Amino acid sequence: YRDDDDINDVASMAGVNLNEESARIMATNSDLVGTQIQSCKDEPFLAAIPLHKRILETAKKLGITDVPAEVVTFISHATQNRLRTVIEKVTVITQHRMESYKDDEWYEQATDVRSQLKFFEQLERLEKQRKDEQEREILLKAAKSRSRQEDPEQARLKQKAKEMQQQELAQMRQRDANLTALAAIGPRKKRKLDSPGLLAIGGEGLAVSGGSQAGLGTPSSRQYARQKITRVNLRDFIFYMEQERETSHSLLLYRALLK
């Protein structure tokens, strides 16, 4: 017992009581003492019976008549792993697409396509407005003409001017009716989302009335955080298939580009 005595002497010199430490370890891990750990049941990701039938149909074409259950389980797990990999990569692509570098000091904006498109749209709108004004002046001149001998073109212009005046009058009446209805309704009041008992979707200022099933009581302080949603579109999948070697020249990519 000399070795045990030496250990006790060293522990006592360090101020450690081995009995207390052993009792503390046993009390902490008491739920693990005497337990037996077993592996979980291997459940396939896909439905086994339809998948087995599909595998048999493909195997019969190659001259294989028997497919064991282990093959079905392996293919199911491979499908799950492949789907997880695709979702992870497409999610990363979507997150990169949604990133904004406007507030980053290391990036400088070179071109602004949106402003250019707005400028061209404004030019088209002004050009259309100018043409409409010219056509309106021509129609008004034709409507004011008092010539006795009128050709068919002059009659057509007068009829078109008349229709234009009627349309403008109808628009003015509709606008006046809308203004009258808005004045009768009065100013719109914003809905209060922070009042007790209201459940606001979105997670901002959300309060649920606490208490029993009666539903009337002091509002609880429990708040629901807004969950960030990553929306993946077809363009992200197309970019992913273009980067992958297996799908970069596939028929599926060609069909996706046609949509």
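Because the structure is predicted, anything quoted here is derived from the model rather than measured.

What counts, and where the lines are drawn
Residues numbered from 1 in each chain as written. Predicted model: local features only at pLDDT ≥ 70, side-chain atom pairs only at ≥ 80, totals over all residues. Heavy atoms only, no water. Core = buried A, V, L, I, M, F, W, Y, C linked by side-chain atoms within 4.5 Å. Buried < 20%, exposed > 50% of the residue type's maximum accessible area, 1.4 Å probe, protein only. Helix = DSSP H or I, 4+ residues; strand = E, 2+ residues; numbered from the N terminus. Axes fitted to C-alpha atoms, helices over the stretch in contact; angles between N-to-C directions. Parallel < 35°, antiparallel > 145°, perpendicular 65-115°, else oblique. Left-handed = near helix turned anticlockwise from the far one by under 90°. Contact = heavy atoms within 4.5 Å. Nonpolar A, V, L, I, M, F, W, Y, C, P; charged D, E, K, R; others polar. 1 Å grid on protein atoms, 1.4 Å probe; cavity = no way out; pocket = protein on both sides within 12 Å on 5 of 7 lines; lining within 4 Å. Points joined across faces, edges and corners; volume = space filled by probe spheres on them. Polar contact = N/O pair within 3.5 Å; in protein donor to acceptor, adjacent residues only side chain to side chain.

K.L.:
What's the story with the nonpolar core in this structure? I'm lost.
P.N.:
Generally speaking, a soluble globular protein has its nonpolar side chains buried in company with each other. With 8 residues, the main nonpolar core is built from Val-86, Val-90, Ile-93, Ile-238, Tyr-240, Met-241, Leu-253 and Ala-256. The set of elements that each furnish at least two residues to this core consists of helix H4 (69-98), helix H7 (234-243) and helix H8 (251-258).

K.L.:
Just to check I follow, could you spell out the packing of H4 against H7 for this structure?
P.N.:
For any two helices packed against each other, one specifies the inter-axial angle together with the distance between the axes. At their nearest, the axes of H4 and H7 sit 9 Å apart, and the two run at 115° to each other. Taken together, the axis directions place H4 and H7 in an arrangement best described as roughly perpendicular. By crossing handedness, the relation of H4 to H7 is classed as right-handed. Residues Arg-82, Val-86, Lys-89, Val-90, Ile-93, Thr-94 and Arg-97 of H4 form the contact with H7, whose own contacting residues are Arg-235, Asp-236, Phe-237, Phe-239 and Tyr-240. Among the residues making up the contact of H4 with H7, the classes are represented as 6 nonpolar, 1 polar and 5 charged.

K.L.:
Any chance you could explain the layout of surface pockets here in plain terms?
P.N.:
Remark: the empty space left among the atoms is shown by a probe the size of a water molecule rolled over them. Each pocket or cavity is described by its volume, and for the largest pocket that value is around 390 Å³. Along the walls of the largest pocket sit Met-98, Glu-99, Ser-100, Tyr-101, Lys-102, Tyr-107, Glu-108, Gln-109, Asp-112, Val-113 and Arg-114, which together make up its complete lining. When its residues are assigned to classes, the lining of the largest pocket shows 4 nonpolar, 2 polar and 5 charged. Only helix H5 (113-144) and helix H6 (152-185) provide two or more residues apiece to the lining of the second largest pocket. The residue makeup of the lining of the second largest pocket, split by class, is 2 nonpolar, 1 polar and 7 charged.

K.L.:
Sorry, what's going on with H7 here?
P.N.:
Given 3.6 residues per helical turn, the α-helix brings residues three or four places apart onto the same face. Those residues of H7 that fall on the buried side of the exposure criterion are Asp-236, Ile-238, Tyr-240 and Met-241. If you follow the buried residues of H7, they end up packed against H4 and H8.

K.L.:
Please explain the side chain of Glu-244 as it appears in this structure.
P.N.:
As for its placement among the helices and strands, Glu-244 is situated in the loop between H7 and H8. On the accessibility criterion, Glu-244 (14% relative accessible area) is buried. A polar contact of 3.1 Å, which involves the side chain of Glu-244, links it to the side chain of Lys-89.

Remember that the coordinates give geometry; whether it matters functionally is a separate question.
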